[in-house]
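Listed below, chain by chain, are the residues.
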Amino acid sequence: MSIGELYNRGEKIDSSKFGADPGISTEPISSKVEASPNGVINSTAAYRCKKCRRVVALQENVVGHVPGEGETSFEWYKRRSGNPFDKSSECECSSIFVEPLRWMTTVEEGALEGKLTCAHCEARLGYFNWSGIQCSCGSWVTPAFQLHKSRVDISTV
Ligand SMILES: [Zn+2]
Ligand SMILES: [Zn+2]
């Protein structure tokens, strides 16, 4: 059962069901970087608060969606030909959506929706809503834990 279904059933969502806080790493950073058999280094992309540089999400925390899926897709998107799974089209989304993480204390408090603020500097990073949020590409993500790309920096750990 997904965490969204648990919430809709009125279950208490405590932080033990959340993803680990990537800003509090118990492992050495080097363990995140693995060499693949062909020698290419795979490093994990990390999203950091733009203001204080705290890591707020890792690539593995990101919940993907198909850009433009949904009834209210913008016309300009439909005019663009090509594969909707094409990685380049993901740039059109102005936010990323992640799983609930342990630094999201407002989520843990049980509200249906609210702001997501950085656990370190309290900068506003995004918004969450258990009923879903519509991405700039037109897709609905439910439940939604949205981080605005303009508020975070993408780097490698
Ligand atoms: Zn999108
Ligand atoms: Zn911050």
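Here, the structure is the one placed above.
The following refers to the structure shown. Not measured: the values here are computed from a predicted model.

**Section: the pattern of salt bridges**
No. 1: Counted according to the given criterion, the structure contains five salt bridges.
No. 2: The salt bridge involving Glu11 is made with Arg9; its shortest N-O contact spans 3.3 Å.
No. 3: Residue Arg9 is classed as exposed on the basis of its relative accessible area, which comes to 54%.
No. 4: Two residues, Arg53 and Asp153, come together in a salt bridge whose shortest N-O distance is 3.0 Å.

**Description of the coordination of the zinc ion (ligand 1)**
Between any two of four tetrahedral donors, the ideal angle at the metal is 109.5 degrees; between two of six octahedral donors, it is 90 or 180 degrees.
No. 1: Listed as protein donors to the zinc ion (ligand 1) are His65 (NE2), Cys93 (SG), Cys135 (SG) and Cys137 (SG); their distances from the metal cover 2.1 to 2.3 Å.
No. 2: Each of the four donor atoms around the zinc ion (ligand 1) contributes to a set of angles spanning 107 to 113 degrees, which defines the coordination as tetrahedral.
No. 3: Classification of His65 as partly exposed rests on a relative accessible area of 22%.
No. 4: The exposure class of Cys93 is buried, given its relative accessible area of 5%.

**Overview of the coordination of the zinc ion (ligand 2)**
No. 1: For the zinc ion (ligand 2), the protein coordination sphere consists of Cys49 (SG), Cys52 (SG), Cys118 (SG) and Cys121 (SG), at 2.3 Å.
No. 2: Its four donor atoms give the zinc ion (ligand 2) angles of 102 to 113 degrees at the centre, a pattern that matches the tetrahedral case.
No. 3: Here the donor residues of the zinc ion (ligand 2) are spaced in sequence according to C-x2-C-x65-C-x2-C. Here Cys118 lies in the loop between β6 (113-117) and β7 (124-129) and Cys49 lies in strand β3 (residues 45-49), a separation of 69 residues in the sequence. Across the pair, Cys118 and Cys49 agree in class, each one buried.

Criteria and cut-off values
Residues numbered from 1 in each chain as written. Chains lettered and ligands numbered in written order. Predicted model: local features only at pLDDT ≥ 70, side-chain atom pairs only at ≥ 80, totals over all residues. Heavy atoms only, no water. Salt bridge = Lys/Arg side-chain N within 4 Å of Asp/Glu carboxyl O. Buried < 20%, exposed > 50% of the residue type's maximum accessible area, 1.4 Å probe, protein only. Donors = N, O, S within 2.8 Å, 3.2 Å for Na, K, Ca; no water. Tetrahedral: all angles 85-135°; square planar, octahedral: opposite > 155°, others 65-115°. Helix = DSSP H or I, 4+ residues; strand = E, 2+ residues; numbered from the N terminus.

Coordinates in, geometry out; function isn't part of it.
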